[in-house]
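A structural walkthrough
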Amino acid sequence: MYNQAGVDALDAVRAVVASFGAPIAFRKLYGILNAMEMHVEETPYSVEALQHLGKALEATARLYRVGQRGRLCLENEVATILRTVEKP
């Protein structure tokens, strides 16, 4: 079953990633974000897998030296999405 609420919940995370700008290297961030969306768009899904994808997104932001403020926003939005989609 398609989970529109889960997909919509990722909008805030997508907005934070978009705020980092458009360097070609950031396509990895979008790739992880797309994986998160594909994961939640159909129920059931694994919250544990989504948590790992969130950690990968945060680690990739650190790898590309996204500023502290941007990383904090990203971490907050990832935490919010995990709370939101905890119950598929």
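Check the entry above for the structure.
Anyway, here's the lowdown on the structure attached to this text. (Residues numbered from 1 in each chain as written. Predicted model: local features only at pLDDT ≥ 70, side-chain atom pairs only at ≥ 80, totals over all residues. Heavy atoms only, no water.)

Some thoughts on the environment of Ala-79
Relative to the assigned elements, Ala-79 resides in helix α5 (residues 68-84). Residue classification places Ala-79 among the partly exposed residues on the basis of a relative accessible area of 30%. Expressed as a C-alpha distance, the spacing of Ala-79 and Val-13, which sit 66 residues apart in the sequence, is 9.8 Å. (Helix = DSSP H or I, 4+ residues; strand = E, 2+ residues; numbered from the N terminus. Buried < 20%, exposed > 50% of the residue type's maximum accessible area, 1.4 Å probe, protein only.)

Looking at the environment of Leu-82
Relative to the helices and strands, Leu-82 resides in helix α5. Sequence spacing of Leu-82 and Gly-67 is 15 residues, and the spatial spacing of their C-alpha atoms is 22 Å.

Here we look at the environment of Ala-5
Its location among the elements puts Ala-5 in helix α1 (residues 4-9). On the basis of relative accessible area, Ala-5 is assigned to the exposed category, the value being 56%. C-alpha of Ala-5 to C-alpha of Leu-29: the two residues are 24 residues apart in sequence and 22 Å apart in space.

Regarding the packing of helix α2 (residues 11-19) against helix α3 (residues 27-40)
How two helices pack is summed up by the angle between their axes together with the distance between the axes. Closest axis-to-axis distance for the α2/α3 pair is 11 Å, and the angle between their directions is 175 degrees. The angle between the axes of α2 and α3 places the two elements in the roughly antiparallel class. Contact with α2, carried on its side by Val-13, Arg-14, Val-17 and Ala-18, involves Leu-29, Tyr-30, Leu-33, Asn-34 and Glu-37 of α3 and no other residues of that element. Looking at the contact of α2 with α3, its residues break down into six nonpolar, one polar and two charged. (Axes fitted to C-alpha atoms, helices over the stretch in contact; angles between N-to-C directions. Parallel < 35°, antiparallel > 145°, perpendicular 65-115°, else oblique. Contact = heavy atoms within 4.5 Å. Nonpolar A, V, L, I, M, F, W, Y, C, P; charged D, E, K, R; others polar.)

What to know about the packing of α3 against helix α4 (residues 47-63)
Two elements in contact, α3 and α4, have axes whose closest approach is 9 Å; the angle formed by their N-to-C orientations is 170 degrees. Overall, the two elements α3 and α4 adopt an arrangement that is roughly antiparallel. Considering only the axes of α3 and α4, their crossing is left-handed. Within the contact between the two elements, α3 uses Lys-28, Leu-29, Ile-32, Leu-33, Ala-35, Met-36, His-39 and Val-40 and α4 uses Ala-49, Leu-50, Leu-53, Gly-54, Ala-56, Leu-57, Thr-60 and Ala-61. (Left-handed = near helix turned anticlockwise from the far one by under 90°.)

The quantities given are spatial measurements derived from coordinates; they are silent on function.
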